[in-house]
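As a plain string of letters, each chain reads:
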Amino acid sequence: PRERKRAPPPPLLQLESEDASPESAAGVLLPGGFMVGDQVVSLVDFDGSRGVISKGEVGVVQGPCRGYSGSGSTARLNCRFAGHPNINLKVAQIQRYAEQSEAEQL
């Protein structure tokens with residue numbers, strides 16, 4: 001079978017982490033196999049006091065869940081989106097940007 005050529009991903013969002021921690025150092029494997037800096041696509045809409053994200057919006061993984069220690073915190077990642085600077089999402093609420101692109105091609 002012929003190998004499909006993938007379109008290059010869009011440029012990474014230029015979003016700097018304001019609260020980087022040692023746990024979020026690049027190269028650390030996070031829940032769901034994500035890594036700091038991975039581009040992700042939101043699978044959910046969210047409208048909260050600190051910002052808004054829409055299903056399909058691209059963001060960046062900043063590290064493990066921060067500022068929340070409740071149920072399921074170990075299965076959440078801290079992400080940054082253009083409309084929300086700091087959100088802890090469950091791994092089931094995001095997917096890697098490349099996975100989303102491949103699904104659209106099928």
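Residue indices follow the written sequence of each chain, beginning from 1 at its first position. Residues qualify for local features only when their pLDDT is at least 70, as the model is predicted, and side-chain atom pairs are given and counted only at 80 or more; totals for whole chains, interfaces and linings, by contrast, use all residues. Remark: hydrogens and water are excluded; side-chain values derive from all non-hydrogen atoms of the structure.

Bringing the pairing of strand E6 (residues 84-90) into the picture now. Pairing between strands requires that DSSP locate at least two bridges from one strand to the other. Secondary structure elements follow DSSP: runs of H or I no shorter than four residues count as helices, runs of E no shorter than two count as strands, and numbering proceeds from the N terminus. Pairing of strand E5 (residues 76-81) with E6 involves five bridges; the strand directions are antiparallel. When the bridges of E6 are listed, asparagine 78 appears paired with asparagine 88. What sits between the antiparallel neighbours E5 and E6 is a turn of two residues.

Here we take up the pairing of strand E1 (residues 39-42). Three exposure classes are used, based on accessible area relative to the maximum for each residue type with a 1.4 Å probe and protein chains only: buried under 20%, partly exposed in between, and exposed over 50%. Residue alternation in E1 divides its side chains into two sets, Gln39 and Val41 and Val40 and Ser42, and both sets are buried. Relative to strand E4 (residues 58-64), E1 runs antiparallel, the two being bridged by three bridges. By the bridge assignment, valine 40 is partnered in E4 with glycine 59. Alignment of E1 against strand E7 (residues 94-96), held across three bridges, turns out to be antiparallel. Bridge assignment links valine 40 to a residue of E7, and that residue is arginine 96.

Model confidence for the protein chain is summarised by a mean pLDDT of 80, while 68% of its residues fall at 70 or above. In predicted models, pLDDT denotes the confidence assigned by the predictor to each residue on a 0 to 100 scale. What makes two residues a contact is simply this: any of their non-hydrogen atoms within 4.5 Å. With pLDDT under 50 throughout, residues 9-24 is counted as low confidence; its partners more than four residues away or in other chains account for 31 contacts.

All right, on to the nonpolar core then. Among soluble globular proteins, nonpolar side chains are generally buried collectively. Listed in full, the 11 residues of the largest apolar core are Leu30, Phe34, Val40, Ile53, Val61, Leu77, Cys79, Phe81, Ile87, Leu89 and Ile94. Of all the elements in the fold, those that place two or more residues in this core are E5 and E6. When residues of this core are assigned to their parent elements, the largest contribution, three residues, is made by E5. In contact with phenylalanine 34, not counting residues within four places along its chain, are Val28, Leu29, Val40, Val61, Leu77, Val91, Ile94, Gln95 and Arg96. For the purposes of this section, nonpolar cores are sets of buried Ala, Val, Leu, Ile, Met, Phe, Trp, Tyr and Cys residues that join through side-chain atoms within 4.5 Å.

Aromatic pairs are defined between Phe, Tyr and Trp rings, using the six-membered ring for Trp, whenever the two ring centres lie within 6.5 Å; interplanar angles under 30 degrees are classed as stacked, those over 60 as edge-to-face, and all others as tilted. On inspection of all chains with the given rule, the structure shows zero aromatic pairs. The side chain of arginine 96 reaches across the aromatic face of phenylalanine 34, ending 4.2 Å from its centre. Only Lys NZ and Arg CZ are tested; either one counts as a charge over a ring when it is within 6 Å of the ring centre and within 35 degrees of the ring normal.

This brings us to the sheet that holds E4. Picture the strands of a sheet paired through backbone hydrogen bonds; they go either parallel or antiparallel. The antiparallel open sheet is built from five strands, whose spatial order is E6-E5-E4-E1-E7. Each edge of the open sheet carries a strand with a single partner, namely E6 and E7. Taking each pair of neighbouring strands and ignoring which way they run, the sheet shows an average axis angle of 45°. Every angle, taken between N-to-C directions, lies between 0 and 180 degrees, and every axis is a line fitted to C-alpha atoms, over only the stretch in contact when it is a helix.

Once that is clear, we can look at the side chain of asparagine 78. In this structure, asparagine 78 sits in strand E5. A distance of 3.4 Å separates a polar atom in the side chain of asparagine 78 from a polar atom in the side chain of arginine 66. Excluding residues that lie within four positions of it along the chain, asparagine 78 makes contacts with Val60, Val61, Gln62, Gly63, Pro64, Cys65, Arg66, Asn86, Ile87 and Asn88. Between N or O atoms, a polar contact is any pair within 3.5 Å; within protein, one atom must be a potential hydrogen donor and the other a potential acceptor, and residues adjacent in sequence are included only when both atoms are from side chains.

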